[in-house]
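Structural description and commentary
Residues per chain are reported as follows:
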Amino acid sequence: MDHSAHHTSTAHDHSAHPTRAGHAGHQMGGGVTWGAAAKATLHCLTGCAIGEILGMVIGTALMWGNVQTMILAITLAFVFGYSFTLFAVRKAGLDWKSAVKVALAADTVSIAVMELVDNGIIALTPGAMDAHLSDALFWTALLGGFAVAFVITTPVNKWMIGRGMGYAVVHAYH
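Criteria and cut-off values
Residues numbered from 1 in each chain as written. Predicted model: local features only at pLDDT ≥ 70, side-chain atom pairs only at ≥ 80, totals over all residues. Heavy atoms only, no water. Phe/Tyr/Trp six-rings, centres within 6.5 Å; stacked < 30°, edge-to-face > 60°. Helix = DSSP H or I, 4+ residues; strand = E, 2+ residues; numbered from the N terminus. Axes fitted to C-alpha atoms, helices over the stretch in contact; angles between N-to-C directions. Left-handed = near helix turned anticlockwise from the far one by under 90°. Nonpolar A, V, L, I, M, F, W, Y, C, P; charged D, E, K, R; others polar. Buried < 20%, exposed > 50% of the residue type's maximum accessible area, 1.4 Å probe, protein only. Contact = heavy atoms within 4.5 Å. Expected span 1.5 Å × (residues − 1). Bend = angle between axes of the 7 residues up to and from the residue. Polar contact = N/O pair within 3.5 Å; in protein donor to acceptor, adjacent residues only side chain to side chain.

Notes on the packing of aromatic side chains
Counted according to the given criterion, the structure contains three aromatic pairs. Between the aromatic rings of phenylalanine 78 and tyrosine 82, the centroid separation amounts to 5.8 Å while the plane-to-plane angle is 50°, which identifies the pairing as tilted. Of this pair, phenylalanine 78 and tyrosine 82 both sit in helix H2 (residues 66-91), four residues apart, roughly one helical turn.

Here's what the structure looks like:
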């Protein structure tokens, strides 16, 4: 299907626009820097880590089973991950409905990859799911999972930002 009839102008040259301070590396296309991707991943990781740790601590403290604890941890990781973006774009002036759409578009893939990697590492680390809050294994597996998730999710975010997806949709609001 030919969509060229829908395009009434030529490609827009973004190089003519002044760059806002602090936003270097967020440009669209293949020129996205690793620093911008890492910053987006760190933003996502912060919310995910708060939710994940809170969920693991609550589930472990209440002596819930592994499945219930992981469900709570993953749910809270998404809630906190989305909330960081949601509140940032709300502060920038977006209404709730638009802010929710931006947060979902910006963070869903990043959070999902991060949670898949992190929880996969925890589940595959022998004894980690049965470790107590006072055990070094509990914290080592959890924090090690975050480190590996950051390394794996950063290239995903770089790819998405370069195509105008993921964290790139937040750029207009900060």
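Quick word on the packing of H2 against helix H3 (residues 96-124)
For the pair H2 and H3, the least separation of the axes is 8 Å and the interaxial angle reads 145°. The crossing of H2 and H3 is right-handed. Of the residues contributing to the contact of H2 with H3, the split by class is 20 nonpolar, four polar and three charged.

Some points on the side chain of asparagine 157
Of note, asparagine 157 is situated in helix H4 (residues 136-162). Look at asparagine 157 and you get buried, because its relative accessible area is 3%. Beyond its immediate stretch of four places on either side in the chain, asparagine 157 contacts Ala37, Ala40, Thr41 and Ser110.

Some remarks on H3
When the terminal C-alpha atoms of H3 are compared, their 39 Å separation across 29 residues agrees well with the 42 Å that a helix rising 1.5 Å per residue should span. At aspartate 107, H3 is deflected by roughly 45°, the largest bend along its length. The N-terminus of H3 is capped by aspartate 95, whose side-chain oxygen sits 3.2 Å from the backbone nitrogen of lysine 97.

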